[in-house]
Amino acid sequence: MTIDPRIPDHDIHPIFLQRWSPRAFSSDAIDEATLFRLFEAARWAPSGNNSQPWRFIYATRDTEQWPLFIELLNEKNRLWASKAAALIVLVSKTTNLRKGASEPTPLRNHSLDAGAAWANFALQAEFLGWKTHAIGGFDREKAREQLRVPAGYQVELAIALGKQGDIAQLDAEFHEREKPNSRNPISSFIAEGVFHFSDEVGH
Ligand SMILES: Cc1cc2nc3c(=O)[nH]c(=O)nc-3n(C[C@H](O)[C@H](O)[C@H](O)COP(=O)(O)O)c2cc1C
């Protein structure tokens, strides 16, 4: 008997448990209207001073730009992500021109805010029956060059998007991990009143 790795300790909306990151994608293409519904969800993420520093650069499969996006990925990620319906490179703006100011000021939360937008994107995808898989293993410098990301923006993350596919299409080395994983208990990451965690440096 296998134990379900995604049983919550407290009652939450099922979408949080349902979302996971497969590597097997089907051959389904994604239409622009659906893709834009995901960007719409990202749009409504909260951000410091409502600065909205996220920027999504995307390509869908079988377009001219597609090979360029695939080339950014490290070899292992390329093996499975090249079958996705779309690839997105998430970039964040590192400075902001505040109202009335003449010089831009650094945006302290640009990565955090881009992360919130990515989470909205991923959950909206799940709502609509699509799967996302975040990819940190890609060449950020190459992405900057190839996608013409100017100074003042940080390349954050690549995201593969598609309909979940049959595991048989996936390289054998990934089969073992092609299932939802679990999480640490809440007790490992919350503390009341003051910082006290068992993984604190020096413990
Ligand atoms: C910032 C970030 C970078 C990641 N990089 C990779 C990656 O390079 N390759 C990969 O296969 N998965 C990557 N992942 C996927 C994580 O391994 C996965 O989200 C995590 O194990 C939790 O599993 P779940 O998304 O299925 O719930 C990345 C996820 C995040 C958020």
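Residues numbered from 1 in each chain as written. Predicted model: local features only at pLDDT ≥ 70, side-chain atom pairs only at ≥ 80, totals over all residues. Heavy atoms only, no water.

Focus: helix 5 (residues 110-127)
Part 1 of the argument: With 18 residues, helix 5 extends 26 Å between its outermost C-alpha atoms, agreeing within 8% with the 26 Å of an ideal straight helix rising 1.5 Å per residue.
Part 2 of the argument: When we look at burial in helix 5, the residues that qualify are His110, Asp113, Ala114, Ala117, Trp118, Phe121, Ala122, Leu123, Gln124, Ala125 and Glu126.
Part 3 of the argument: Tucked inside the fold, the buried residues of helix 5 contact helix 1 (15-18), helix 2 (32-43), strand 1 (54-60), strand 2 (86-93), strand 5 (131-135) and strand 6 (153-162).
Part 4 of the argument: Immediately beyond the C-terminal end of helix 5, within one or two residues, lies glycine 129, with a positive phi of roughly 85°. (Helix = DSSP H or I, 4+ residues; strand = E, 2+ residues; numbered from the N terminus. Expected span 1.5 Å × (residues − 1). Buried < 20%, exposed > 50% of the residue type's maximum accessible area, 1.4 Å probe, protein only. Contact = heavy atoms within 4.5 Å.)

Re unusual backbone geometry
A negative phi angle is the norm for most residues apart from glycine, just as the trans form is the norm for most peptide bonds.
Part 1 of the argument: You will see that glutamine 52, though not glycine, has its phi angle at about 50°, which is positive.
Part 2 of the argument: Checked against the element boundaries, glutamine 52 lands in the loop between helix 2 and strand 1.
Part 3 of the argument: Judged by its relative accessible area of 31%, glutamine 52 is partly exposed.
Part 4 of the argument: Located in the positive-phi region is arginine 148, a residue other than glycine, with phi close to 55°.
Part 5 of the argument: According to the relative accessible area criterion, arginine 148 is exposed, its value standing at 74%.

Notes on the confidence of the model for the protein
Part 1 of the argument: Within the protein, residue pLDDT values average 96, and 99% of them lie at 70 or more.
Part 2 of the argument: Looking at the elements of the protein, mean pLDDT is at its lowest for strand 3 (residues 95-96), recorded as 90, and at its highest for strand 5, recorded as 99. (pLDDT = per-residue confidence, 0-100.)

Observations concerning the sheet that holds strand 2
Part 1 of the argument: With respect to topology, four strands assemble into an open sheet ordered 1-2-6-5, the strand pairing being antiparallel. The open sheet has two edge strands with one neighbour each: strand 1 and strand 5. Recorded for the sheet is a direction-independent mean angle of 25° between the axes of neighbouring strands.
Part 2 of the argument: Where strand 1 meets strand 2, seven bridges bridge the pair, whose relative direction is antiparallel. Residue isoleucine 57 lies in a different strand from strand 2, and its bridge partner there is valine 89.
Part 3 of the argument: Packed on one face of the sheet, helix 2 meets strand 1 and strand 6 and runs near 165° to strand 1.
Part 4 of the argument: In the packing of helix 5 onto the sheet, the strands contacted are strand 1, strand 2, strand 5 and strand 6, and the crossing angle to strand 6 comes to about 10°. (Pairing = 2+ DSSP bridges. Axes fitted to C-alpha atoms, helices over the stretch in contact; angles between N-to-C directions.)

Here we look at the site of the ligand
Part 1 of the argument: Arg6, Ser21, Arg23, His133 and Gly136 are the nearest of the 15 residues found near the ligand.
Part 2 of the argument: Separating a nitrogen atom of the ligand from a side-chain N or O atom of histidine 133 is a distance of 2.8 Å.
Part 3 of the argument: A distance of 2.7 Å separates a nitrogen atom of the ligand from a polar atom in the backbone of glycine 136.
Part 4 of the argument: Protein contact buries 64% of the 610 Å² of open area that the ligand shows by itself.
Part 5 of the argument: The set of elements that each furnish at least two residues to the shell around the ligand consists of helix 4 (75-81) and strand 5.
Part 6 of the argument: Among the elements that line the shell around the ligand, the one with the most residues is strand 5, at three residues.
Part 7 of the argument: Taken together, the residues that form the shell around the ligand break down as five nonpolar, six polar and four charged. (Near = heavy atom within 4 Å. Polar contact = N/O pair within 3.5 Å; in protein donor to acceptor, adjacent residues only side chain to side chain. Areas by Shrake-Rupley, 256 points an atom, 1.4 Å probe, with all protein chains shown as cover. Nonpolar A, V, L, I, M, F, W, Y, C, P; charged D, E, K, R; others polar.)

Digging into the packing of aromatic side chains
Part 1 of the argument: In total, this model carries seven aromatic pairs according to the counting rule given.
Part 2 of the argument: Where phenylalanine 36 meets phenylalanine 39, the ring centres are 5.9 Å apart and the plane angle is 80°; that geometry is what we call edge-to-face. With phenylalanine 36 and phenylalanine 39 both in helix 2 and three residues apart, the pair spans about one turn of that helix.
Part 3 of the argument: By relative accessible area, which is 42% here, phenylalanine 36 ends up partly exposed.
Part 4 of the argument: Between phenylalanine 39 and phenylalanine 121, the ring centres sit 5.6 Å apart and the planes meet at 40°, which makes this aromatic pair tilted. (Phe/Tyr/Trp six-rings, centres within 6.5 Å; stacked < 30°, edge-to-face > 60°.)

Describing a nonpolar patch on the surface
Part 1 of the argument: Together, Ile186, Phe189 and Ile190 give the surface a local cluster of nonpolar side chains, amounting to about 290 Å² of exposed area.
Part 2 of the argument: In this fold, isoleucine 186 is placed in the segment after strand 6.
Part 3 of the argument: When its relative accessible area of 36% is taken as the criterion, isoleucine 186 is described as partly exposed. (Patch = residues over 30% accessible without salt bridge, like charges linked within 9 Å, V, L, I, M, F, W, Y side chains within 5 Å. Salt bridge = Lys/Arg side-chain N within 4 Å of Asp/Glu carboxyl O.)

Here's the deal with the packing of helix 2 against helix 5
Part 1 of the argument: Where helix 2 contacts helix 5, the two axes come as close as 7 Å, and the packing angle between them is 140°. It follows that helix 2 is oblique to helix 5 by the angle criterion. Note on packing geometry: the crossing formed by helix 2 with helix 5 is right-handed. Contact residues: Arg37, Leu38, Phe39, Ala41 and Ala42 in helix 2; Ala117, Asn120, Phe121, Gln124 and Ala125 in helix 5.
Part 2 of the argument: Looking at the contact of helix 2 with helix 5, its residues break down into seven nonpolar, two polar and one charged. (Parallel < 35°, antiparallel > 145°, perpendicular 65-115°, else oblique. Left-handed = near helix turned anticlockwise from the far one by under 90°.)

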